[in-house]
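For reference, the chains in residue letters:
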Amino acid sequence: MKNSNFKSHIAYLCAVYLFSMVMLFTSCFQKGKKVIYLDPSQPVEKRVEDLLSRMTLEEKVGQMNQFVGLDHMRTAEQTISEEELHNNTASGYYPGVTSNDVAEWTKQGLVGSFLHVPTLKEANEIQALALQSRLKIPVIFGIDAIHGNAIAPDNTVYPTNINLACSFDTLMVHTIAHQTAREMRSMNMHWTFNPNVEIARDPRWGRVGETFGEDPYLVSLLGVASVKGYQGKLGKDNVIACVKHFVAGSESTNGANSAPADFSERTLREVFFPPFKTGIDAGSYSLMMAHNELNGIPCHSNRWLMEDIARKEWGFKGFIVSDWMDIEHLHDVHFTAENIKEAFYQSIMAGMDMHMHGILWDKYVCELVKEGRIPESRIDESVRKILSAKFILSLFEQPFTDEKKTMKVRLCSKHRQTALESARNGIVLLKNDGLLPLDASKYKKVMVTGINANDMNILGDWSIIQQEENVITVLKGLKMISPETQFDFVDQGWDPRNMDPAKVKEAVDKAKSADLNIVVAGEYMMRSRWTERTDGEDTDRSDINLVGLQQELIEKVYASGKPTIVILINGRPLGVEWIAENIPALIEAWAPGQSGGQAIAEILYGKVNPSAKLAVTIPRSVGQIQMIYNHKPSQYFHPYALTPSTPLYPFGYGLSYTKYKYGDITLSKKEIGKNETIKVTVPVTNTGTVAGTEIVQLYIRDEFSSVTRPVKELKDFARVKLAPGKTKIVEMTITPDKLAFYDQQMKWIVEPGTFKIMVGSSSKDEDLKTAILTVK
């Protein structure tokens, strides 16, 4: 649609909306009943109660239901067969129900929310349908804006969460969330299904890149930064955050998404619960349940999680949403409900507020209420929270968005700069035998190859294909940063599973005549080729090796005798032990977003000094899983036979082009009471010749305790900028809660005794300075 037509369309929709509001207000006024819910000057609570009192049961139940976008459905109706619809529960299409049916239900006020609505035009059109309903209740649009609103076209695509975690930069995470919220609202989208605060301790799981890593403290802080960045003060310029997935699906019994999880309450409270609690404490207005069962009870029907923990213990005030048709999966995956209707009953009575997504909800839930199995008051509880969100977000006052707003916000220069800066800060230099930074005058002819050398896969899992001019691949970045260099590109295609041996040979032949070789390897994550990916949501693996001919390509290029660099673009940690042992330079770039290629090239050529540190441990092989830094003392009492028991690269590790020297630790007090706070200071000096940013990390260990405790736990960190030769005294804090744990009676206490305080550049023992703190 041309801009002029689009603007006219918006003007028409707004005029129709205003007219309908006037007519509704007049109608209610004539009947003698004041329309409180249409008055923005009234408190949200009064507006909610007024609107709720006017709603039928069917309208209430409809508010609890969500559908995929109408355009999404229309495409399916033209391209997918009836058999495919029945056999694919992840399709998002509804056998026997058309987009016209859903549109009609929306006009009747029987749909509360939509997801997968990627354009402003569609969002405004669906909203116009909702405002034809009797009570003119707008819908709320949700979308997986995980690293920018990248599921929609022409938005800023930031680095993935695992990149951001490796920067240890809470301010940057907050900034990206805030900017994402602005871009979302400019497209009339109101609710992001992020942050994913699951603790990622199994690299077989395909969603590691969607998380902030393996450490509960780091994940908690970054999750809080995300929530606050998205939500702000929760008004017309903000979006609702969603902490997910509650809980423990990141470390299932076999590393697969949706597979069972089985953990003690101690492990849940020490490892998996903290980021959810802090996200709720930060004000997250929505909470998404996990696909998996937990200790034999599916999370989507787990009253202990939803009611006892989230609402009663933590005081959660927002609404709980299911994940993709997971309530139905109580029947057809977990087999705890004999039919779909019973599944709806179990989930609602356990605490569920909104259903993602489907056609049977309204019918069955209304039947359950009329049969007396679900009290209507229980439905009212959920609807209050959903309506509150719509009032808080000013959707009744501003149901539409004008294109003028979106063009000023999306992909603006400020957001592009943030995407570039965050990419620079989230790329980890794992190995450098002196090859980097590159001297362009020395390496004049460079062969570049690999599946990720010139592909939009650099954008990451939660992105669609974007316009080429908005994406800088590695090859583009190299040419941009070193235009004087002759780059010879050998395309290996995008699919690691179907690499062409002839193209591998071509790259190997050209490697022999090059001055330097760069292989950009890793995994394939783009959602546009859902069934052909090797990494990402629902793409779990039984090993963590490089897929296809990639290892062969790297080894043969290295055998050319010319200096070789390997760059990894991926979401999960990969077992690249041979590469780590043989290749002189190795970079873990993760999925660094739309400016990732420029950031990588800047690091290669020394324009940027790398500073990122690993937010996850990298194992040597799948056989080492579970491989984490904060393990219990007995985990390696008996080491593995034949292979090392140490990781390939530990948590908190990352190299720089300069060197840092740590002085001795000073404690403000060497002995404290259980309720005291102390300061920990350490001098850090840049002993090299270039400026850099060091991520200083503080760990503790309770040396002797009534229950076993981890060998070390991250409890503070700081990003410290240092010019060459300069020293800074870095101050960090240990509060009582950082020393506390659950005792044998599961009481949260600080025990007297000695604590080892460790400060340094990574979680490796040899990288840490130590001091002893005594708690009386």
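A brief look at the structure comes next.

About the criteria used
- Along each chain, the written sequence defines residue order, and numbers are assigned to residues from 1.
- Under the rules for a predicted model, residues below a pLDDT of 70 receive no local features and side-chain atom pairs below 80 are neither given nor counted, while totals for whole chains, interfaces and linings still include all residues.
- Hydrogens and water molecules were not included; the side-chain quantities draw on all heavy atoms of the structure.
- Here a helix means four or more residues in a row that DSSP labels H or I, a strand means two or more in a row labelled E, and each is numbered from the N terminus.
- For this measure, only C-alpha atoms enter the radius of gyration; the expected value for a globule follows 2.2 Å times N^0.38, where N is the number of residues.
- Three exposure classes are used, based on accessible area relative to the maximum for each residue type with a 1.4 Å probe and protein chains only: buried under 20%, partly exposed in between, and exposed over 50%.
- Note on contacts: a residue pair is in contact if any heavy atoms of the two residues lie within 4.5 Å.
- Surface exposure here means Shrake-Rupley accessible area, sampled with a 1.4 Å probe, where a residue is shielded only by the protein chains that are shown.
- Neither His nor the chain ends is counted toward charge; the positive residues are Lys and Arg and the negative residues Asp and Glu.
- Throughout, a charge is located at the NZ atom of Lys, the CZ atom of Arg, the CG atom of Asp or the CD atom of Glu.
- Think of the arc as the fan of directions from the helix axis to the C-beta atoms.
- One bridge is not enough; two strands pair if DSSP finds at least two bridges between them.
- Lines fitted to the C-alpha atoms define the axes, with helices restricted to the stretch that makes contact. Angles between their N-to-C directions range from 0 to 180 degrees.
- A cavity here means a set of points on a 1 Å grid, drawn over the protein atoms and nothing else, where a 1.4 Å probe fits but cannot get out; a pocket is an open set with protein on both sides within 12 Å along at least five of seven lines, and a residue lines either one if it has an atom within 4 Å of a point.
- Grid points are joined across faces, edges and corners, and a volume is the space filled by probe spheres set on the points.
- When residues are sorted by character, Ala, Val, Leu, Ile, Met, Phe, Trp, Tyr, Cys and Pro go into the nonpolar class, Asp, Glu, Lys and Arg into the charged class, and all the rest, Gly among them, into the polar class.
- Any two of the Phe, Tyr and Trp rings considered here, Trp counted by its six-membered ring, make a pair once their centres fall within 6.5 Å; the pair's planes then place it as stacked at under 30 degrees, edge-to-face at over 60, or tilted in between.
- Take the buried Ala, Val, Leu, Ile, Met, Phe, Trp, Tyr and Cys residues and link them wherever side-chain atoms come within 4.5 Å; each set so joined is a nonpolar core.
- Two cysteine sulfurs form a disulfide in these notes if their separation is within 2.5 Å.
- To estimate the expected span of a helix, count its residues, drop one, and scale the result by 1.5 Å.
- Roughly parallel means an angle under 35 degrees; roughly antiparallel, over 145; roughly perpendicular, 65 to 115; everything else is oblique.
- Crossings are sorted by hand: turned counterclockwise from the far helix by less than a right angle, the near helix makes the crossing left-handed, and turned clockwise it makes it right-handed.

1. Looking at the overall build of the protein
Argument step 1. When its secondary structure is counted, the protein shows 25 helices and 27 strands.
Argument step 2. Its C-alpha radius of gyration of 27 Å places the protein within 12% of the 28 Å reference for a compact globule of 776 residues.
Argument step 3. The principal-axis extents of the C-alpha atoms in the protein amount to approximately 85 × 65 × 50 Å.
Argument step 4. Every one of the 776 residues in the protein was classed for burial, and the buried ones make up 63%.
Argument step 5. By sequence separation, contacts in the protein at least 24 residues apart represent 77% of the contacts at least 6 residues apart.
Argument step 6. Taken as a whole, the protein presents about 28,700 Å² of accessible surface, with 52% of it coming from carbon and sulfur.
Argument step 7. The distance from the centre of the 87 positive side-chain charges to the centre of the 93 negative ones in the protein is 6 Å.

2. Overview of helix 4 (residues 70–79)
Quick reminder: α-helices carry 3.6 residues per turn. Residues three or four places apart thus point the same way.
Argument step 1. What helix 4 keeps buried is the set Leu-70, Met-73 and Ala-76. The buried residues of helix 4 occupy one face: seen down the axis, they fall within an arc of 120°. Opposite the packed face of helix 4, turned more than 90 degrees from it, sit the exposed residues Gln-78 and Thr-79.
Argument step 2. Taken together, the buried residues of helix 4 touch strand 1 (65–68), helix 6 (99–107), strand 2 (113–115) and helix 7 (120–130).

3. Focus: the environment of Pro-274
Argument step 1. Residue position: Pro-274 is located in helix 12 (residues 274–281).
Argument step 2. With a relative accessible area of 22%, Pro-274 lands in the partly exposed category.
Argument step 3. With 492 residues separating them along the chain, Pro-274 and Glu-766 place their C-alpha atoms 29 Å apart.
Argument step 4. If sequence neighbours within four positions are ignored, Pro-274 has contacts with Ser-220, Leu-268 and Arg-269.

4. What to know about the sheet that holds strand 5 (residues 242–246)
Argument step 1. Read from one edge of the open sheet, three strands run 5-6-9, paired in parallel fashion. The open sheet is flanked by strand 5 and strand 9 (319–321), the only strands paired with a single partner. On average, each strand axis in the sheet is tilted by 25° relative to the strand beside it, whichever way the strands run.
Argument step 2. Judged from the three bridges that link them, strand 6 (residues 286–289) and strand 9 form a sheet pairing that is parallel. Its bridge partner lying in strand 9, Leu-287 is registered against Ile-320.

5. Considerations on unusual backbone geometry
Argument step 1. Cis geometry marks the peptide bond from Lys-244 to His-245; its omega dihedral reads -15°.
Argument step 2. Here His-245 is to be found in strand 5.
Argument step 3. Across the junction of Ile-625 and Gln-626, the peptide omega takes the value 10°, indicating a cis bond.
Argument step 4. Mapped onto the fold, Gln-626 is located in the loop between helix 24 (596–604) and strand 17 (660–662).

6. Description of empty space enclosed by the protein
Here the idea is plain: a probe the size of a water molecule rolls over the atoms and shows the empty space left.
Argument step 1. In total, this model carries five cavities of 30 Å³ or more according to the counting rule given.
Argument step 2. The volume enclosed by the largest cavity comes to roughly 90 Å³.
Argument step 3. Residue composition of the lining of the largest cavity, by class: four nonpolar, seven polar and four charged.

7. Some details on the packing of aromatic side chains
Argument step 1. On inspection of all chains with the given rule, the structure shows 26 aromatic pairs.
Argument step 2. Aromatic pair Phe-168 and Phe-717: ring centres 5.3 Å apart, planes at 85°, arrangement edge-to-face. On the criterion of sequence distance, the pair formed by Phe-168 in the loop between helix 8 (161–167) and helix 9 (170–186) and Phe-717 in strand 22 (residues 713–722) is long-range, its members being 549 residues apart.
Argument step 3. Take Phe-168: its relative accessible area is 2%, and that puts it in the buried class.
Argument step 4. Centroid distance Tyr-285 to Phe-319: 5.9 Å. Interplanar angle 75°. Geometry classified as edge-to-face.

8. Notes on the nonpolar core
Argument step 1. Core analysis: the biggest nonpolar cluster contains 170 residues, and Phe-114, Phe-246 and Val-247 have the highest contact counts within it.
Argument step 2. Counting residues per element, this core draws most heavily on helix 10 (residues 216–231), which supplies seven residues.
Argument step 3. Leu-429, Met-456, Ile-481 and Phe-487 belong to the second-largest nonpolar core, a separate cluster that totals 44 residues.

9. Here we look at the state of the cysteines
Formally, a disulfide is one covalent bond, and it connects the sulfur atom of one cysteine to the sulfur atom of another.
Argument step 1. Counted under the stated rule, the structure contains zero disulfides.
Argument step 2. Free of any disulfide, Cys-242 has its nearest cysteine sulfur in Cys-299, 14 Å distant.

10. Notes on the layout of surface pockets
Argument step 1. Counted as a void, the second largest pocket has a volume near 910 Å³.
Argument step 2. Looking at the second largest pocket, it is lined by 36 residues, and the ones nearest its centre are Arg-269, Glu-270, Pro-274, Lys-715 and Trp-748.
Argument step 3. Residue assignment for the lining of the second largest pocket shows that the elements contributing at least two residues are helix 10, helix 11 (265–272), helix 12, strand 22, helix 25 (736–739) and strand 24 (741–742).
Argument step 4. Ranked by residue count, the leading element in the lining of the second largest pocket is helix 11, at five residues.
Argument step 5. The residue makeup of the lining of the second largest pocket, split by class, is 15 nonpolar, eight polar and 13 charged.

11. Some details on the pairing of strand 11 (residues 428–432)
Argument step 1. Strand 11 sits mainly inside the fold: four of its five residues count as buried.
Argument step 2. Pairing of strand 11 with strand 16 (residues 585–588) involves four bridges; the strand directions are antiparallel. In the sheet register, Val-428 faces strand 16, and the bridge partner there is Glu-588.

12. Focus: the environment of Lys-721
Argument step 1. Within the element layout of this structure, Lys-721 appears in strand 22.
Argument step 2. Classification of Lys-721 by relative accessible area gives exposed; the value is 61%.

13. Considering the side chain of Ser-463
Argument step 1. Of note, Ser-463 is situated in the loop between strand 12 (445–450) and helix 20 (474–481).
Argument step 2. For Ser-463, a relative accessible area of 0% puts it in the buried group.
Argument step 3. Contacts of Ser-463, omitting those with residues within four sequence positions, involve His-147, Ala-150, Ile-151, Val-157, Met-526 and Arg-527.

14. Let's talk about the sheet that holds strand 27 (residues 768–775)
Sheet strands associate in pairs through backbone hydrogen bonding, adopting either a parallel or an antiparallel arrangement.
Argument step 1. Reading across the sheet, the five strands line up as 19-27-26-21-22 and stay open at both edges, with mixed pairing between neighbours. Among the strands making up the open sheet, the edge pair consists of strand 19 (671–672) and strand 22.
Argument step 2. In this sheet, strand 26 (residues 753–760) lies alongside strand 21 (residues 692–702) in antiparallel orientation, the contact comprising six bridges. Considered in strand 26, the bridge of Ile-700 is made with Ile-757.

15. Focus: helix 19 (residues 413–426)
Argument step 1. For helix 19, spanning 14 residues, the distance from its first C-alpha to its last is 20 Å, which sits close to the expected 20 Å at 1.5 Å a residue.
Argument step 2. Along helix 19, the positions that sit buried rather than exposed are His-415, Thr-418, Ala-419, Leu-420, Ser-422, Ala-423, Arg-424, Asn-425 and Gly-426.
Argument step 3. Of the surrounding secondary structure, the elements contacted by the buried residues of helix 19 are helix 8, helix 9, helix 18 (403–409), strand 11, helix 24 and strand 22.

16. Re the packing of helix 21 (residues 501–511) against helix 22 (residues 550–558)
Argument step 1. At a minimum axis distance of 9 Å, the contact between helix 21 and helix 22 shows a crossing angle of 20°. With respect to helix 22, the element helix 21 is oriented roughly parallel. Between helix 21 and helix 22 lies a crossing whose hand is right-handed. Contacts from Val-504, Ala-507, Val-508 and Ala-511 of helix 21 reach helix 22 at Glu-552, Leu-553, Lys-556 and Val-557.
Argument step 2. For the contact of helix 21 with helix 22, the class distribution of residues is six nonpolar, no polar and two charged.

These results come straight from atomic positions and should not be treated as a statement about function.
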